[in-house]
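# What the coordinates show
Below, each chain spelled out in residue letters.
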Amino acid sequence: MRAATGAGLALLVAMPLLAQAAGPDYGEFGIFGLDRRGAVWIAAQLHLLFAAFVLGVPMFAVVIEAIGIFTDNERYDKLAKEFTRLLLVAYSATAIWGAILVFFISTLYPRFWVYLTAIFAPSMWLYAALFFFESFTLYLYYYGWDAWKKGAAKKFHWGLGILLNIWGTIVMFIANGWLTYMMSPPPDVTVDTAPQTVQLWSAINNATWMPINIHRLIANVVFGGAIVGAYAAYRFLTSESDEERAHYDWMGYTGNLIAIGALIVLPFAGYWLGREIYEFSQQMGITMMGGFMSWLWIIQAFLIGVLFLAGNYYLWIGMGRIPGAERFQPYIKWMLLVLVVGVIVWATPNTMIASRDEVAAMGGQQHPFLGVLGVMSAKNTAVNLMILTTFLSFMLYRRANKEPVVSWAKTGTMLQGAAFAIAAVIVVFYGIYGYFVTAIVRIGFSVYQVLAVLATIIFVILIDSAMLRGAKSRGEIQWGKMPARSQYALLILAVTFTWLMGLMGFARSGIRQHWHVYEVIRDTSEQAFTPALGPAATMISICVAIFFGLVGMIFWLGGLAEKSVYEETAK
Amino acid sequence: MTNLKILLTIIGTLAVYTLVANIIPQVQSAVPREIVLTAETTPEELVAIGEELYAGVGGCTACHGLGTRAPDLVGVAGSVCETRVPGQDCKTYLWESLVNPTAYVVEGFQPIMLDQSRTIVQPQLWALVAFLQDQGGTVTVNADDFASALAEDTAPETAPADAAPVDPASIDPVAVARNTGCFACHMYSGEGVELGPPFEEAVGKDPEYIRRAIEDPGADIAEGYESVAGLMAPGLAGIMSPAELDALIQFLVTGDPGGGDDGDDGSGDGSGE
Amino acid sequence: MNLKHPFWQGVLVLVLAYVVIKWGIGYLLPMIGVPSAPVPSTVVTQYMLTVLVGVLLYMSAESDRWAAFKAPMVRTMVDPGRRALRGILLVGLPLLVGWVAYQGVKPSFGAPATLRSIHPAPPNSITFRGATMELAGLENPLRHSGDMEAHLAVGNAVYTRNCVPCHGDLLDGQGHFASMLTPVPADFTNTGTIVQLTESYVFWRIAKGGPGLPNEGAPWNSAMPAWETILDENETWSVILFLYERTGSTPRTWEEEGAEGEAH
């Protein structure tokens, strides 16, 4: 790798820091055919997935509980409590995997562990203390649910939920400080900085800390929604009564809505993170976007395509249980067309895998015609149109059983349509115009495209909420009357989100290449190389499979607990 | 049955993703081999390390061995080094010509070489000297040279981390280009050698493209220059400050050398034979 | 076949998509003047899978349509009247899958896909018929000596006798044998070939041919013979003159293009 040789210019002659500590640099591991990196990889990934679960789901629970309080609807309260019950088990799973991770790092990477503790020890103690507060708050939140059910006590209970989220967020921010330090240590830390002399705050508050914090915060909401959706799908598919199915159908819809909604803003946080990575080290940025990792983004495009298709599909199937949705059926095929063409453009590789004859015919690895689709202008246009289409699906779903009664309903609908059309025109215009300008200007265009889409989303929702006030209903949504395949779409969404987290985690961690701490502490173990996408994908799949195995068990336990409650009340 | 279907859905999804990621071309990022030099390193090991540097990250073969830009060294350096400067032994000569190359330009060549201690740490420079001595001579680099180098240079050169803001306007991009050795291969306003694309061709290009072309020369090869692909040394960006790099890119894409216009004294630099 | 039926609609969409991707992009676009080329099979597969997923999603997004879409398949599998068709499908489909798998894994004569450098770096010097020639800085000696017309006549004869079968009488790489060769013979009228090269580079390529390519140029992958055994030095330089003269181009020169830089 060219980039790697570049870093090799800064070879160090010895490792003066680590040489001070006695003992081996690395411990041995050889169970289940895993090497030491594989062991830490799995432990870290599972810890992260469960941690995302126990951070994402409480956010969800608190929001749902608040909706329950404001709308005075028992249904929401029940839903929020059900999530919290899942949390209890997931919480201990997080702690177990966290402990495994710490034991693995400290025994398999002993010197590096000593280095980290020398810098971060006080924050580690704080972390443990906060973890304790968080658990205690969670227990209060769950076990106090029925005790504090009314009036001020309910508000206090909701406050506990907020507190739970605050603890969780701080805990995550602290852990993010450790891992972002490994990616982007402060510029004054060099190979011969003694770890004891590194200022704790400057180590935590490094270049990528805040972007990662925000990115993970939003991603946790997405993940929480997706996991809730998967739970609902699982319970829906295994439930035996119509009443239960109705409840879990509705739960799945809510989870999916929150996941997709939060997903739409996630790219902004990712964009910021990417910028900070470039600012911190161009080599790291190029490794990520153009170099070694460039094919990872094709895989990511593929996964995002799955997310868009599955998310829309779920909404379209859902329209089958809404009276009045028939009138929107003819639009579905056109929306699907936009999505399929969007996915095709979005996932068109710039450099194609081709045999010798095909390369000869193309005159290179780039296709003379499809190469036009392989660049950012085309991809940004495609993804913005896909977001618009998804939003349109959602608006049709919302409108399906409603008949606006306000006098300006017709004008309002036309305004909404015009907003969609204008946004699409702006997106396409800048997409095409982007081919005729330089990159700097082009990057600016993607901002206009996204702003046009966001403005449309806000504008249309504002009109919609005013227009549908007191709207006439064409009939209630028949919750529970959902074909099973919609629930499988929810499951695929959850698996895809989880896998995507693993993939992007690999990207984030992999761009450090052969460094424990980028350009400060070198990885001298035999696993210092960065694996190719294939082996990495296999590891990610193993992690996701273990995660869903354990989550399945948690779901099953959740059902078991509920069953016993039902049986008791039945007696 | 339902449970089985759920299981198959999850496993099937995972299998598809794993499969797709395994079908595409697999690139594994290799680790640049760490070179550990201690006072106990034997001459043979030194020569081997030096050879690796010579052919690899040292970037020596970008000029040496082509016959036109710099003298051939392989097979001859060790035998001629003693005779080059009266009173200077082989080892000292080679060392000096690495760290102060423009003072030792061989007749018939241009002073285009850079001070190698800017990109290679001192102990490794000694390994390079050992390798060159081995080309037709005997290796006399010993643990003493080495130990002193180890003592005074345990850290690699890193970019100065001073946060003092540099006024980009005060940087003369042409001088930066000259000091970095760009004109060994590129032409600008009559100065330099036409091997790579002349600077004038960069005008109007995308700054990011130019930046990448400097930082990762192999990434894109300008049309028509495929034959010289791979000649440009990676890491050139590392020997200028970020501000200098920015100024250079700015200059390249605009064609405007800014305040310090001194395209006229190009010949003055090139006459120090 | 009822085209209103969802099943046949789906089939139709897939067939149409395949036609557009496979032939529309590759052959139709060039006819209307848009530069294009056949789409690599990996990309065709990727696109077709996307379209297939789209079709399946559309069909299953509504329960009635999904039932109608599945009906012909279900009927074929259970209807006693469709025994023959069922038999053909049950035998034919596995055979088809087997054939596709076989096509994927069977050994072929093509070299494995590599990143081939079209103009690899030339050596410093070559041995031409036993004599060492320094390539660096070397220019065509015939440009400064003798009668240009005579040189061109020699070059023309050499080209017609030796090069036309592959490189074509229009020098466009479309000779009679061209379609059988991969990589295709160089198209000298293309600005990406001799215009980019010095005459000494062209001399090296003619003298040493495919076997003389360095590794990155995939020497095993070129049909160009090493002409040094057939053409002498004078003939080689003459044919180079002819190539540039006939295509109306000038070779890349070694130095002294500073004048252009000065003009800036």
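As the structure is a prediction and not an experimental result, all values here were calculated from the model. (Residues numbered from 1 in each chain as written. Chains lettered and ligands numbered in written order. Predicted model: local features only at pLDDT ≥ 70, side-chain atom pairs only at ≥ 80, totals over all residues. Heavy atoms only, no water.)

Turning to the overall build of chain A, a few remarks are in order. For chain A, the helix and strand inventory stands at 18 helices and four strands. Put simply, chain A has 571 residues, and 58% of those count as buried. For chain A, restricting intrachain contacts to residue pairs at least 6 apart in sequence, the fraction spanning at least 24 positions comes to 85%. As presented, chain A carries roughly 23,100 Å² of accessible surface, and 70% of it is formed by carbon and sulfur atoms. (Helix = DSSP H or I, 4+ residues; strand = E, 2+ residues; numbered from the N terminus. Buried < 20%, exposed > 50% of the residue type's maximum accessible area, 1.4 Å probe, protein only. Contact = heavy atoms within 4.5 Å. Areas by Shrake-Rupley, 256 points an atom, 1.4 Å probe, with all protein chains shown as cover.)

The helix and strand tally for chain B stands at ten helices and two strands. In sequence order, chain B lays out its α and β elements as α-α-α-α-α-α-α-β-β-α-α-α. Across the 273 residues that make up chain B, the buried fraction comes to 44%. Sequence-distant contacts in chain B: of pairs separated by 6 or more residues, those separated by 24 or more amount to 60%. Of the roughly 13,000 Å² of accessible surface on chain B, a fraction of 56% belongs to carbon and sulfur atoms.

Residues and elements named next belong to chain C. Compared with the 21 Å implied by 1.5 Å per residue over 15 residues, the 22 Å span of helix α7 (residues 233-247) between its first and last C-alpha is a close match. Among all positions of α7, only Thr236, Trp237, Ser238, Val239, Ile240, Leu241, Phe242, Leu243 and Tyr244 are buried. At its buried positions, α7 is contacted by β1 (125-128), β2 (131-134), α5 (148-167) and α6 (199-208). Capping the start of α7, aspartate 232 holds a side-chain oxygen 3.2 Å from the backbone nitrogen of asparagine 234, two or three residues further along. Count one or two residues on from α7 and you reach glycine 248, which has phi positive near 65 degrees. (Expected span 1.5 Å × (residues − 1). Polar contact = N/O pair within 3.5 Å; in protein donor to acceptor, adjacent residues only side chain to side chain.)

All right, on to the packing of aromatic side chains then. All names here are of chain A. Inspection of the entire model under this criterion finds 49 aromatic pairs over all chains. Between the aromatic rings of tryptophan 148 and phenylalanine 156, the centroid separation amounts to 5.2 Å while the plane-to-plane angle is 90 degrees, which identifies the pairing as edge-to-face. Through a chain of ring-to-ring contacts, the aromatic side chains of Phe429, Tyr430, Tyr433, Phe445 and Tyr448 assemble into a single cluster. It is arginine 75 that lies over the ring of tryptophan 250; its NZ or CZ is 4.0 Å from the centre. (Phe/Tyr/Trp six-rings, centres within 6.5 Å; stacked < 30°, edge-to-face > 60°. Lys NZ or Arg CZ within 6 Å of the ring centre and 35° of its normal.)

On to the side chain of arginine 65 of chain C. Within the element layout of this structure, arginine 65 of chain C appears in helix α3 (residues 63-78). Under the relative-accessibility criterion, arginine 65 of chain C is labelled buried at 13%.

Per the stated rule, a full pass over the model turns up one disulfide over all chains. Here cysteine 81 of chain B engages in a disulfide with cysteine 90 of chain B; their sulfurs sit 2.0 Å apart. Across the S-S bond of cysteine 81 of chain B and cysteine 90 of chain B the torsion is about -90 degrees, and the bridge reads as left-handed. With relative accessibility at 7%, the residue cysteine 90 of chain B sits in the buried group. A disulfide-free cysteine, cysteine 166 of chain C has its sulfur positioned 8.7 Å from the sulfur of cysteine 163 of chain C, the nearest such atom. (Disulfide = S-S within 2.5 Å.)

Below, the discussion takes up the confidence of the model for chain A. Residues and elements named next belong to chain A. Looking at chain A as a whole, the pLDDT averages 83, with 90% of positions reaching at least 70. Within chain A, no element has a lower average pLDDT than helix α1 (residues 2-8), which sits at 34, and none a higher one than helix α17 (residues 484-510), at 91. In the predicted structure, residues 1-21 sits below a pLDDT of 50 and forms 59 contacts with residues beyond four places in sequence or in another chain. (pLDDT = per-residue confidence, 0-100.)

Next up on the list: the interface of chain C and chain A. The partner chain A presents 31 residues to the 33 residues of chain C that form the contact. Around 2,700 Å² of area is buried between chain C and chain A when both sides are counted, 66% of it from carbon and sulfur atoms. When the buried area of chain C at its contact with chain A is split by residue, Tyr47, Leu57 and Tyr58 of chain C rank highest and sum to 20% of it. There are zero salt bridges connecting chain C and chain A. Inspection of the region where chain C meets chain A yields five residue pairs in polar contact (both at pLDDT 80 or more). When residues of the side of chain C that touches chain A are traced back to their parent elements, those giving at least two are α1 (6-31), α2 (41-60) and α3 of chain C. Broken down by element, the side of chain C that touches chain A gets its largest block of residues, twelve residues, from α2 of chain C. Its residues assigned to classes, the side of chain C that touches chain A comprises 20 nonpolar, eleven polar and two charged. (Buried area = accessible area lost by both parts, 1.4 Å probe. Salt bridge = Lys/Arg side-chain N within 4 Å of Asp/Glu carboxyl O. Nonpolar A, V, L, I, M, F, W, Y, C, P; charged D, E, K, R; others polar.)

Of all hydrophobic cores here, the largest spans 201 residues; its most connected members are Phe53, Tyr115, Trp499 and Phe547 of chain A. Looking at this core, the element that brings in the most residues is helix α3 (residues 36-71) of chain A, giving 17 residues. Leu142, Tyr201, Ile240 and Leu243 of chain C belong to the second largest nonpolar core, which has 29 residues in total. (Core = buried A, V, L, I, M, F, W, Y, C linked by side-chain atoms within 4.5 Å.)

Next up on the list: a negative patch on the surface. Residue and element names in this part refer to chain B. A cluster of like negative charges, contributed by Glu44, Glu45, Glu51 and Asp134, occupies part of the molecular surface. Tracing the backbone through its elements, the reader meets glutamate 51 in helix α2 (residues 43-55). Residue classification places glutamate 51 among the partly exposed positions, given a relative accessible area of 44%. (Patch = residues over 30% accessible without salt bridge, like charges linked within 9 Å, V, L, I, M, F, W, Y side chains within 5 Å. Lys, Arg positive; Asp, Glu negative; His and termini not counted. Charge placed at Lys NZ, Arg CZ, Asp CG, Glu CD.)

The next subject is the pattern of salt bridges. According to the stated counting rule, one finds 15 salt bridges over all chains in the structure shown. Notably, a salt bridge pairs arginine 235 of chain A with glutamate 244 of chain A, separated by 3.5 Å at the nearest N-O pair. Judged by its relative accessible area of 7%, arginine 235 of chain A is buried. Taking the shortest distance from any N to any O, the salt bridge between lysine 208 of chain C and glutamate 228 of chain C comes out at 2.8 Å. Of this pair, lysine 208 of chain C sits in helix α6 while glutamate 228 of chain C sits in the loop between α6 and α7; the two residues are 20 residues apart in sequence, bridging distant segments of the chain.

For the rest of this paragraph, the subject is the packing of helix α12 (residues 329-346) of chain A against α2 of chain C. Where α12 of chain A meets α2 of chain C, the closest approach of the two axes is 10 Å, and the angle between their N-to-C directions is 160 degrees. For the element pair α12 of chain A / α2 of chain C, the angle class is roughly antiparallel. Judged by the sense of rotation from one axis to the other, the crossing of α12 of chain A with α2 of chain C is right-handed. Of α2 of chain C, the residues touching α12 of chain A (which contributes Ile332, Lys333, Leu336, Val340, Val343 and Ile344 of chain A) are Tyr47, Thr50, Val51, Gly54, Leu57 and Tyr58 of chain C. When grouped by side-chain class, the residues that make up the contact of α12 of chain A with α2 of chain C number nine nonpolar, two polar and one charged. (Axes fitted to C-alpha atoms, helices over the stretch in contact; angles between N-to-C directions. Parallel < 35°, antiparallel > 145°, perpendicular 65-115°, else oblique. Left-handed = near helix turned anticlockwise from the far one by under 90°.)

Now for the environment of leucine 462 of chain A. For leucine 462 of chain A, the position within the fold is in helix α16 (residues 439-467). Sequence separation between leucine 462 of chain A and glutamine 416 of chain A is 46 residues, and the spatial gap between their C-alpha atoms is 9.8 Å.

The next point concerns the side chain of glutamine 329 of chain A. Mapped onto the secondary structure, glutamine 329 of chain A falls in helix α12. Looking at glutamine 329 of chain A, its side chain comes within polar contact range of the side chain of arginine 65 of chain C, at 3.5 Å. Setting aside chain neighbours within four positions, we find glutamine 329 of chain A in contact with Glu62 and Arg65 of chain C.

Glancing now at the packing of helix α8 (residues 209-238) of chain A against helix α9 (residues 242-280) of chain A. Residues and elements named next belong to chain A. In the contact formed by α8 and α9, the axes pass within 7 Å of each other and the chain directions differ by 160 degrees. Classed by the angle they form, the pair α8 and α9 counts as roughly antiparallel. Judged by the sense of rotation from one axis to the other, the crossing of α8 with α9 is left-handed. Taken together, the residues of the contact of α8 with α9 sort by class into 24 nonpolar, seven polar and five charged.

This part covers the confidence of the model for chain B. Residues and elements named next belong to chain B. Considering every residue of chain B, the mean pLDDT works out to 73; 72% of them sit at 70 or more. Across chain B, element-level confidence peaks in helix α1 (residues 2-23) with a mean pLDDT of 88 and bottoms out in helix α10 (residues 266-269) with 35. Low confidence marks residues 153-164, where pLDDT is under 50. Its contacts with residues over four positions away, or in another chain, come to 15 contacts. Note that residues 259-273 has pLDDT below 50 and, in this model, 15 contacts with residues that lie over four places away or in other chains. Complex prediction metrics read pTM 0.67 and ipTM 0.82.

Moving on to the pairing of β2 of chain C. Residue and element names in this part refer to chain C. Where β1 lies against β2, four bridges are found, and the strand directions are antiparallel. Bridging across to β2, threonine 127 finds its partner in threonine 132. Here β1 hands over to β2 after two residues, with arginine 129 in that stretch at a positive phi of 50 degrees. (Pairing = 2+ DSSP bridges.)

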